[in-house]
There are 2 protein chains.
Amino acid sequence: MDNRPIGVFDSGIGGLSAVKELKKILPGESIIYFGDTGRVPYGTRSPETIMSYAREDMEFLLKFDPKAIMVACGTVSSVALDTLKKDYPVKTVGVVKSAAKKASAVTVNGKIGVISTGATHRSGAFKKAISEISDAEVFSAAAPLFIPLVENGYIDKNNEVTRLVAKDYIYPLLEKGIDTLILGCTHFPVIKELIADIAPSVTLIDSGKEAACHLKDYLCENEMLSEKTSGESRYFVSDTAEGFSSVAEMFLGEKLVGKVEKITF
Amino acid sequence: MDNRPIGVFDSGIGGLSAVKELKKILPGESIIYFGDTGRVPYGTRSPETIMSYAREDMEFLLKFDPKAIMVACGTVSSVALDTLKKDYPVKTVGVVKSAAKKASAVTVNGKIGVISTGATHRSGAFKKAISEISDAEVFSAAAPLFIPLVENGYIDKNNEVTRLVAKDYIYPLLEKGIDTLILGCTHFPVIKELIADIAPSVTLIDSGKEAACHLKDYLCENEMLSEKTSGESRYFVSDTAEGFSSVAEMFLGEKLVGKVEKITF
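This write-up is about the structure you can find in this document. Computed from a prediction, not measured in an experiment: that's the story for all the values here. (Residues numbered from 1 in each chain as written. Chains lettered and ligands numbered in written order. Predicted model: local features only at pLDDT ≥ 70, side-chain atom pairs only at ≥ 80, totals over all residues. Heavy atoms only, no water.)

Superposition of the two copies of the chain requires a rotation about an axis together with a shift along that axis. Rotating chain A by 180° about the axis while translating it 0.0 Å along that axis superimposes it on chain B, leaving an RMSD of 0.0 Å. Read as a symmetry element, the transformation amounts to a two-fold axis. Take the interface residues of chain A: 100% of them recur as interface residues in chain B, which is what a same-surface contact looks like. (Least-squares fit on C-alpha atoms with pLDDT ≥ 70 in both. Contact = heavy atoms within 4.5 Å.)

And the structure:
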């Protein structure tokens, strides 16, 4: 048994969609969340900058002596995870490998699509992860506008703007014949219904959810689950705490319970 | 005569639309441009964070001993300009006051609209600046999605997505009867044609252009123009320099000539 918290970080608020899944399957775990809201987004930046920010995020969370860290950001998971794992002595779980595994397991025709930020797309991380476990063909596309659309509340299933943008991104993948689509950015589950409507015959893989399941398995296998029945959450951000709670609820799917504090690097 | 450069900074690349105007009307001036591409956007952040970033931007430019600094960012001009002017002993020009002046001069019915980032909208800076010089009524709206749309190339006059978003932002202002619309963010001139098409009877005010004109007047009056016939430009960014040139051209309206260098704070 291990009552230490799980650290979770993301470039901003998207990672809360993974926290939602963590809370669902591991209600006894305490969570320390850090969202780098003062420097979000990461997905439009260079690998060097992403790496440098990710190190600061890790080092902040390590101060809380977490038993594991979840990198709930598709961009950091794609660009920086191997280095973070090498450089920091803590169990670190990203959102790429478990989604790659799930997609490889569920595809019937061996054609998997991936949508993500620009930086994730350019990294080829999902393609590489899938190629290591299956022969599936991978078709990747950057879907950068989904992030500001979600953050600005253009999330209704029938939102005409988001539907048009979704068609721009997803129709070319459908034309390739994909039967499975990885939502490779933790912002995307918020518009899962809309995406499902655009691509009704495709199985959607929520990368944050798969990572949460993987982390649960790891904690079970290593007898590191918390003894508590209900964990506590603390939230840290790098911009001001005001306004965070209301947007956070869109991702958490529930009221944010727990303190939100601002940090300065 | 003063051959020192003009410093220009923006949260990212949008400020280059003001540089375009500067180069047009002051071809002899040398320009040092800084775009904080490692932390863009500013318009979604809190006043505290914007202030802190703006100070770092100013201090970087001051190393080049500029004769004047143009804050080519609507957000910084709205949220931080007064403090910057007070704290740094250099002529500093923002994009709010000159646009407010121009709009007050051209409006016929005394109803002026402003579109900007969220932070600019919340600051009320344009409203305040106009109220100091005229009795015009001001109707302000945040237009946050224009920024990622422009940065992702959704800029064609007929782009269906950007047109829909533009209608969301601008129709409510048209219903108020505005005859003048300030483009209060330096990203927006890139989609000026599209906005003009949505609001054909409205006079558009390019805030970067007005600031450039104001700066020219100041340099003329104070006999601080450069003696050169052709100035040089240097560009600095806080993310990697790769990729900057190609996006920059969309804002500059010409090929970027001059070195692009990465800095670290």
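On to the packing of aromatic side chains, then. According to the stated counting rule, one finds 20 aromatic pairs over all chains in the structure shown. Their ring planes at 55° and their centres at 5.2 Å tell us that B:Phe34 and B:Phe60 sit as a pair that is tilted. Here B:Phe34, found in strand 2 (residues 31-35), pairs with B:Phe60, found in helix 2 (residues 47-62); they are 26 residues apart in sequence, far enough to count as distant. For B:Phe34, a relative accessible area of 0% translates into the label buried. Judged by its relative accessible area of 9%, B:Phe60 is buried. Here the aromatic cluster, defined as three or more aromatic residues joined through ring pairs, consists of A:Phe34, A:Phe60, A:Phe64, A:Phe236 and A:Phe265. Between the NZ or CZ atom of A:Arg39 and the centre of the ring of A:Tyr53, over which it lies, the distance is 3.8 Å. Taking NZ or CZ as reference, A:Lys91 lies 4.3 Å from the ring centre of A:Tyr218, over its face. (Phe/Tyr/Trp six-rings, centres within 6.5 Å; stacked < 30°, edge-to-face > 60°. Helix = DSSP H or I, 4+ residues; strand = E, 2+ residues; numbered from the N terminus. Buried < 20%, exposed > 50% of the residue type's maximum accessible area, 1.4 Å probe, protein only. Lys NZ or Arg CZ within 6 Å of the ring centre and 35° of its normal.)

All right, on to the interface of chain A and chain B then. Counting residues at the interface gives 26 residues for chain A and 26 residues for chain B. Both sides together, the interface formed by chain A and chain B hides about 1900 Å², and carbon and sulfur atoms give 53% of it. Put simply, chain A and chain B have zero salt bridges between them. Linking chain A with chain B are 16 residue pairs in polar contact (both at pLDDT 80 or more), by the criterion used here. Secondary-structure elements contributing two or more residues to the side of chain A that touches chain B are helix 2 (47-62), helix 8 (146-151) and helix 9 (160-175) of chain A. Tallied by class, the residues present in the side of chain A that touches chain B amount to twelve nonpolar, seven polar and seven charged. (Buried area = accessible area lost by both parts, 1.4 Å probe. Salt bridge = Lys/Arg side-chain N within 4 Å of Asp/Glu carboxyl O. Polar contact = N/O pair within 3.5 Å; in protein donor to acceptor, adjacent residues only side chain to side chain. Nonpolar A, V, L, I, M, F, W, Y, C, P; charged D, E, K, R; others polar.)

This paragraph deals with the sheet that holds strand 1 (residues 6-10) of chain B. All names here are of chain B. Ordered by their spatial adjacency, six strands build an open sheet running 4-3-1-2-9-10, and the pairing between neighbours is parallel. Edge strands, defined here as strands with exactly one partner in the open sheet, are strand 4 (91-93) and strand 10 (260-262). Put simply, the sheet's adjacent strands are angled 20° from each other on average, direction ignored. This element, helix 11 (residues 207-221), spans strand 1, strand 3 (68-71) and strand 4 of the sheet and lies at about 155° to strand 4. (Pairing = 2+ DSSP bridges. Axes fitted to C-alpha atoms, helices over the stretch in contact; angles between N-to-C directions.)

Our focus in this paragraph is helix 11 of chain B. Because an α-helix completes one turn every 3.6 residues, residues spaced three or four positions apart along the sequence face the same direction. All names here are of chain B. The end-to-end C-alpha distance of helix 11, which contains 15 residues, comes to 21 Å, matching closely the 21 Å that a straight helix rising 1.5 Å per residue would cover. Buried within helix 11 are the following residues: Ser207, Gly208, Glu210, Ala211, Ala212, Leu215 and Leu219. Residue Asp206 occupies the N-cap position of helix 11, its side-chain oxygen lying 3.1 Å from the main-chain nitrogen of Gly208. Just beyond helix 11, the residue with positive phi is Glu223, at close to 50°. (Expected span 1.5 Å × (residues − 1).)

Another aspect to go through is the sheet that holds strand 6 (residues 137-142) of chain A. Residues and elements named next belong to chain A. Read across the sheet, four strands follow the order 6-5-7-8 without closing on themselves; strand pairing throughout is parallel. With partners counted over all chains shown, the strands left at the sheet margins are strand 6 and strand 8 (203-206), one partner each. This sheet shows a mean twist of 20° between the axes of neighbouring strands, independent of strand direction. Where strand 7 (residues 180-183) meets strand 8, four bridges bridge the pair, whose relative direction is parallel. From the neighbouring strand, Ile182 faces strand 8, where its bridge partner is Ile205. Against the sheet, helix 11 (residues 207-221) engages strand 7 and strand 8, with an angle of about 60° to strand 8.

As a further point, take unusual backbone geometry. Following A:Val40, the chain continues into A:Pro41 via a peptide bond in cis, with omega recorded as 0°. With respect to the helices and strands, A:Pro41 occurs in the loop between strand 2 (31-35) and helix 2. Positive phi, normally seen in glycine, also occurs at B:Asp65, with a value near 50°. Here B:Asp65 shows up in the loop between helix 2 and strand 3. You can call B:Asp65 partly exposed: its relative accessible area is 44%. Its identity as a non-glycine residue notwithstanding, B:Glu223 has a phi of 50°, on the positive side.

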